[in-house]
Amino acid sequence: MKKSILISGLLILSLCLGACNKSSGQLDTDKAQENKVTIKEETPKEEKAAEDMALEDQDQAENDDMNFDQASPMEQLRILMRDSDYISQVELASTADKDLELRILANYKGNLSNIEFDTPSNLSPNKEYLIFYHDDEEGRIVPSHGSHSFVALDEEDTSVLDLVKETYNYEDPEDPKTDQEEAPGEKTNN
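Since the structure is predicted, the reported quantities are computational estimates derived from the model, not experimental observations.

Student: Can you lay out the side chain of glutamate 91 for me, pointing to particular residues and giving the numbers?
Tutor: With respect to the helices, strands and loops of the structure, glutamate 91 is situated in strand S1 (residues 86-94). Excluding residues within four positions of it along the chain, glutamate 91 makes contact with Glu101, Leu102, Arg103, Leu105, Asn126, Lys127 and Glu128.

Student: Before we move on, can you summarise helix H3 (residues 159-167) with the specific residues and values?
Tutor: Think of an α-helix as 3.6 residues a turn; residues three or four steps apart then line up on the same face. Of the residues making up H3, those classed as buried are Val160, Leu161, Leu163 and Val164. Across the axial projection of H3, the buried residues extend over an arc of 160°, all falling on one side. Buried-residue contacts for H3 involve helix H2 (73-83), S1, strand S2 (100-109), strand S3 (128-135) and strand S5 (150-152). Looking one or two places after H3, you find asparagine 169, whose phi comes out positive at around 50°.

Student: An account of the pairing of S2 is needed here, citing residue identities and associated values.
Tutor: With 8 bridges joining them, S1 and S2 adopt antiparallel strand pairing. Directly across from serine 94, in S2, lies its bridge partner leucine 100. A loop of 5 residues connects S1 with S2, the two strands running antiparallel in sequence, and lysine 98 in this loop sits at a positive phi of about 65°.

Student: I'd like to hear about the pattern of salt bridges, residue by residue, with values.
Tutor: As enumerated under the stated definition, the model contains 4 salt bridges in all. A salt bridge links aspartate 83 to arginine 82; the nearest nitrogen and oxygen atoms lie 2.8 Å apart. Measuring nitrogen to oxygen at the nearest pair gives 2.7 Å for the salt bridge that ties aspartate 136 to arginine 140. Several salt bridges share partner residues, and in doing so they unite Asp136, Glu138 and Arg140 into one network.

Student: Tell me about a negative patch on the surface, and please be specific about residues and values.
Tutor: A surface patch of like charges, here negative, comprises Glu128, Asp154, Glu155, Glu156, Asp157, Asp162 and Glu166. For aspartate 157, the location among the structural elements is in the loop between S5 and H3. Residue class for aspartate 157 comes out partly exposed when judged on its relative accessible area of 45%.

Reading the values: rules and limits
Residues numbered from 1 in each chain as written. Predicted model: local features only at pLDDT ≥ 70, side-chain atom pairs only at ≥ 80, totals over all residues. Heavy atoms only, no water. Helix = DSSP H or I, 4+ residues; strand = E, 2+ residues; numbered from the N terminus. Contact = heavy atoms within 4.5 Å. Buried < 20%, exposed > 50% of the residue type's maximum accessible area, 1.4 Å probe, protein only. Arc of directions from axis to C-beta. Pairing = 2+ DSSP bridges. Salt bridge = Lys/Arg side-chain N within 4 Å of Asp/Glu carboxyl O. Patch = residues over 30% accessible without salt bridge, like charges linked within 9 Å, V, L, I, M, F, W, Y side chains within 5 Å. Areas by Shrake-Rupley, 256 points an atom, 1.4 Å probe, with all protein chains shown as cover. Lys, Arg positive; Asp, Glu negative; His and termini not counted. Charge placed at Lys NZ, Arg CZ, Asp CG, Glu CD.

So this is what it looks like as structure tokens:
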């Protein structure tokens, strides 16, 4: 009799545990289906938000381009300076092999000296330019405002170069400091 009670108790216990496992498994399946439904519901919203952001960025870029084209030359320079990660003074020079080489004369913002980037095709040899580049979304270094990103430097009018040097506190390493103050108490008599 004890054996039959023990066996029937084990059978009932195994049936109960088996039923619990099915319920638990069904709950997991229901949760997975709920998650799938939730993901499906969120995806169109996220895609819509991404599309809206892309359209806003495109509109902003078009407005910036329109504002850039309508700006005065000094305002354009300020926009280029604001939108650039790299500002360098360069010269396109001829080498001994009659090839053209882009030489970086000075870096005012960022440092293009050790970075590979495409040499602009619209630069004339043996002229100095300020070039304005930035990092794009894909990590490439590209001109900040297309063909406007290359400003030819005028030997007579240095206002553009002076503004960039002043803005970025650039001190020419080849320019010796000649501002020597007189020692206190020393005066020259003329």
